[in-house]
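A closer look at the structure
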Amino acid sequence: MASAGLKTRVRSNWARTLLVCAKCSKKLDGGFGPKGKLPLAKALRKEMGATKGRKSSVGIVEVKCLGVCPKRAVTVVDGARPREWVLVAQGADIGTVARELGLGVTPAGGEQPPIPD
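What you are looking at is a predicted structure, and each value in this text was computed from that prediction instead of being measured. (Residues numbered from 1 in each chain as written. Predicted model: local features only at pLDDT ≥ 70, side-chain atom pairs only at ≥ 80, totals over all residues. Heavy atoms only, no water.)

**Side note on helix α2 (residues 40-48)**
Quick reminder of the rule: Each residue gets one of three labels from its accessible area relative to the maximum for its type: buried under 20%, exposed over 50%, partly exposed in between, using a 1.4 Å probe on protein chains only. To qualify as a helix, a DSSP run of H or I must reach at least 4 residues; to qualify as a strand, a run of E must reach at least 2; elements of each kind are numbered from the N terminus. Residue contacts are defined here by distance: any two heavy atoms, one from each residue, within 4.5 Å place the two residues in contact.
If you check which residues of α2 are buried, you get Leu 40, Ala 41, Ala 43, Leu 44, Arg 45 and Met 48. On the buried face of α2, the contacting elements are β1 (16-21), α1 (22-28), β2 (58-63), β3 (73-78), β4 (85-89) and α3 (94-100).

Written out as structure tokens, the structure is:
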């Protein structure tokens, strides 16, 4: 059976995938980065030197609502460890958050391959 002009697969360069709750981020009105004005997803991308989209080495995707709704924190799901959700407190150091999520950040902000568990 032929597909109706749809591709069945699209390649990406993602080695890791993070789901970040957009509703939590919106409630904080930023809360991350040097001035505390960036949403968590954008601050993580900036720390990693990653871009948006499938050509980045890490997929950081904002999703509608994960249903946890913590006070003054953002819910993050690591695709490599979906059984353990992480609550990132407002104003947390992005370098520390990236390391704890296993994103392998170098001091210069460049990317390293993720460290397997």
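Resuming the write-up.
**Digging into a positive patch on the surface**
Worth spelling out the cut-off: Excluding any residue in a salt bridge, patches collect residues exceeding 30% relative accessible area, merging like charges within 9 Å and nonpolar Val, Leu, Ile, Met, Phe, Trp and Tyr side chains within 5 Å. Working definition of accessibility: Shrake-Rupley area with a 1.4 Å probe, residue cover restricted to the visible protein chains. For this analysis, a salt bridge means a side-chain nitrogen from Lys or Arg found within 4 Å of a carboxyl oxygen belonging to Asp or Glu. None of His or the chain ends enter the tally, which takes Lys and Arg as positive and Asp and Glu as negative. We put the charge of a Lys on NZ, of an Arg on CZ, of an Asp on CG and of a Glu on CD.
On the surface, Lys 35, Lys 37, Lys 42, Lys 46 and Lys 52 cluster together into a patch of positive charge. Looking at the secondary structure, you find Lys 46 in helix α2.

**So, unusual backbone geometry**
Even without being a glycine, Cys 69 presents a positive backbone phi close to 50°. Along the chain, the position of Cys 69 falls in the loop between β2 and β3. Positive phi values are uncommon outside glycine, yet Arg 72 reaches one of about 50°. Within the fold, Arg 72 resides in the loop between β2 and β3. Classification of Arg 72 by relative accessible area gives exposed; the value is 60%.

**Some remarks on the pairing of β1**
Put simply, the rule is: What makes two strands pair is DSSP finding at least two bridges between them.
By the bridge criterion, 6 bridges tie β1 to β2 in an arrangement that is parallel. Residue pairing in the sheet places Leu 19 in a bridge with Val 61 of β2. Judged from the 3 bridges that link them, β1 and β3 form a sheet pairing that is antiparallel. Bridging from a neighbouring strand, Leu 18 pairs with Asp 78 of β3.

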